[in-house]
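The lines below spell out each chain.
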Amino acid sequence: MGWLSAFFSWLGEFFGSPENWSGPGGIPMRLLEHLEFSALALVLAALIAVPLGLVIGHTGRGEVIVVVSANLARALPTLGLLVMFVLLLGAASIWPVIIPLVLLSVPPILVNTYEGIKGVDPELRDAAYGMGLRGGQVLLRVLVPVALPLILLGCRLSAIQVVATTTVAAYTGLGGLGRYVIDGFATKDYASVVGGSVLIVLFALVVQILFTLAQRVTVSPGVSQRLKVR
């Protein structure tokens, strides 16, 4: 049980230190930086992946993009991408971090958006066309509301992945909660390593909860009930 007592000792040391709650290296500022990087990467990924997934799922054209995207998501190494973009763009801005995060965030959103639209009951599509709705109207008024749970699931998966992997931003000298982990290992300050890791985990859990609440608010009760029946 020695490791457990050491863990809580480091945790108490980290959160009990007044220095960790103020200044540019304090928890509030690091948390804000982590949120900034994560939110920017997720928004950019959603702006790319959601429209693309809607179009591909609705028209059936370009499905190979979804397959390639899904495979790339498993193959792309986060740290390798980060190093590559730092070498190409330099470490003077946040973009060497944001671009790899966006590339890793696009596949889950794209695949889930595509699957959500593609998986809508064909009879529902036919009924919408029979009512006189056109292609774009069918997509936005009928297909998107039904596919929304899967679209939000893709965004949630990407958000959790981004929050976890934004830790690598510290490798470029930028901020975020990863600074505690990276700097802590470098200086053998294990209290910072443990505290930073716990903060990242808690941040990811909060994101998970927020997306779950968002799904309950935005998804039609009829669609939710249909998913439960399935």
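Residues numbered from 1 in each chain as written. Predicted model: local features only at pLDDT ≥ 70, side-chain atom pairs only at ≥ 80, totals over all residues. Heavy atoms only, no water.

By the naming in an unreviewed UniProt entry, the protein chain is ABC transporter permease, taken from Nonomuraea turkmeniaca. In its Sequence similarities (unreviewed entry) section, the UniProt entry covering the protein chain states "Belongs to the binding-protein-dependent transport system permease family." (UniProt positions renumbered as here; feature names shortened; annotations may be inferred.)

Let us now look at the overall build of the protein chain. Helix and strand content of the protein chain: 10 helices and 0 strands. The order of helices and strands in the protein chain, counted from the N terminus, is α-α-α-α-α-α-α-α-α-α. For the protein chain, restricting intrachain contacts to residue pairs at least 6 apart in sequence, the fraction spanning at least 24 positions comes to 73%. Total accessible area on the protein chain is roughly 12300 Å²; 69% of this is exposed by carbon and sulfur atoms. Of the charged side chains in the protein chain, 14 are positive and 11 negative, and the gap between their average positions amounts to 11 Å. (Helix = DSSP H or I, 4+ residues; strand = E, 2+ residues; numbered from the N terminus. Contact = heavy atoms within 4.5 Å. Areas by Shrake-Rupley, 256 points an atom, 1.4 Å probe, with all protein chains shown as cover. Lys, Arg positive; Asp, Glu negative; His and termini not counted. Charge placed at Lys NZ, Arg CZ, Asp CG, Glu CD.)

Turning our attention to helix α4 (residues 78-89). Taking 1.5 Å per residue as the helical rise, α4 with its 12 residues ought to reach 16 Å, and the 16 Å between its terminal C-alpha atoms agrees with that figure. What α4 keeps buried is the set Thr-78, Leu-81, Leu-82 and Phe-85. Angular distribution of buried residues about the axis of α4 spans 100°; they occupy a single face of the element. Considering only its buried residues, α4 is in contact with α5 (95-118) and α7 (135-165). (Expected span 1.5 Å × (residues − 1). Buried < 20%, exposed > 50% of the residue type's maximum accessible area, 1.4 Å probe, protein only. Arc of directions from axis to C-beta.)

Two side chains bearing opposite charge may form a pair once their charged atoms approach each other closely. All chains considered together, the criterion is met by 3 salt bridges. Here Arg-179 and Asp-183 are joined by a salt bridge, their closest N and O atoms 2.7 Å apart. One end of the pair is Arg-179 and the other is Asp-183, both in helix α8 (residues 178-187) and 4 residues apart, which spans about a single turn. (Salt bridge = Lys/Arg side-chain N within 4 Å of Asp/Glu carboxyl O.)

Moving on: the side chain of Thr-167. Along the polypeptide, Thr-167 turns up in the loop between α7 and α8. For Thr-167, the side chain forms a polar contact with the main-chain oxygen of Ala-164, separated by 2.9 Å. What Thr-167 contacts, discounting residues up to four positions off in sequence, is His-34, Gly-178, Ile-182 and Ile-200. (Polar contact = N/O pair within 3.5 Å; in protein donor to acceptor, adjacent residues only side chain to side chain.)

Let's shift gears to unusual backbone geometry. At Lys-188, a position not held by glycine, the phi torsion is positive, near 60°. Locating Lys-188 in the fold gives a position in the loop between α8 and α9 (190-218). Overall, Lys-188 belongs to the exposed group, its relative accessible area being 62%.

What follows covers the UniProt feature "transmembrane region" (unreviewed entry) in the protein chain. With numbering aligned to this structure, UniProt lists the feature "transmembrane region" (unreviewed entry) at residues 40-58, 79-103, 138-155, 162-182 and 194-214. The straight-line gap between the two end C-alpha atoms of residues 138-155 is 23 Å; of that span, 100% is helix and 0% is strand. Secondary structure content for residues 162-182 is 43% helix and 0% strand, while the C-alpha to C-alpha distance between its ends is 17 Å.

A few words now on the packing of helix α2 (residues 27-59) against α7. Between two packed helices, what matters for the description is the angle formed by their axes and the separation of those axes. As a packed pair, α2 and α7 sit with axes 9 Å apart at the nearest point and diverge in direction by 145°. Read as a crossing pair, α2 and α7 show a hand that is right-handed. Within the contact between the two elements, α2 uses His-34, Ser-38, Ala-41, Leu-42, Val-50, Leu-54 and His-58 and α7 uses Gly-135, Val-138, Leu-139, Leu-143, Val-144, Ile-151, Cys-155, Ser-158, Ala-159, Val-162 and Val-163. (Axes fitted to C-alpha atoms, helices over the stretch in contact; angles between N-to-C directions. Left-handed = near helix turned anticlockwise from the far one by under 90°.)

Moving on: the nonpolar core. As a rule of thumb, nonpolar side chains are buried together in soluble globular proteins. Core analysis: the biggest nonpolar cluster contains 48 residues, and Leu-54, Ile-109, Ile-117 and Leu-143 have the highest contact counts within it. Elements supplying a minimum of two residues to this core: α2, α5, α7, α8 and α9. Considering every element that reaches this core, the biggest residue donor is α7, with 11 residues. Excluding residues that lie within four positions of it along the chain, Ile-117 makes contacts with Leu-54, Gly-57, His-58, Arg-125, Leu-139, Leu-143, Val-144 and Ala-147. (Core = buried A, V, L, I, M, F, W, Y, C linked by side-chain atoms within 4.5 Å.)

A few words on the packing of aromatic side chains. Counting across every chain of the model gives 5 aromatic pairs. With 5.0 Å between their ring centres and 85° between their planes, Phe-14 and Phe-15 make a pair best called edge-to-face. Summarising the aromatic geometry, the rings of Phe-14 and Tyr-180 are spaced 5.0 Å apart at their centres and angled 85° between planes, so their arrangement reads as edge-to-face. Placement of Phe-14 in helix α1 (residues 2-16) and of Tyr-180 in helix α8 is noted, with a sequence separation of 166 residues between them. In this pair, the class of Phe-14 matches that of Tyr-180, namely buried. Each residue in the set Phe-14, Phe-15, Trp-21 and Tyr-180 is aromatic and connected to the rest through ring pairs, giving one cluster. (Phe/Tyr/Trp six-rings, centres within 6.5 Å; stacked < 30°, edge-to-face > 60°.)

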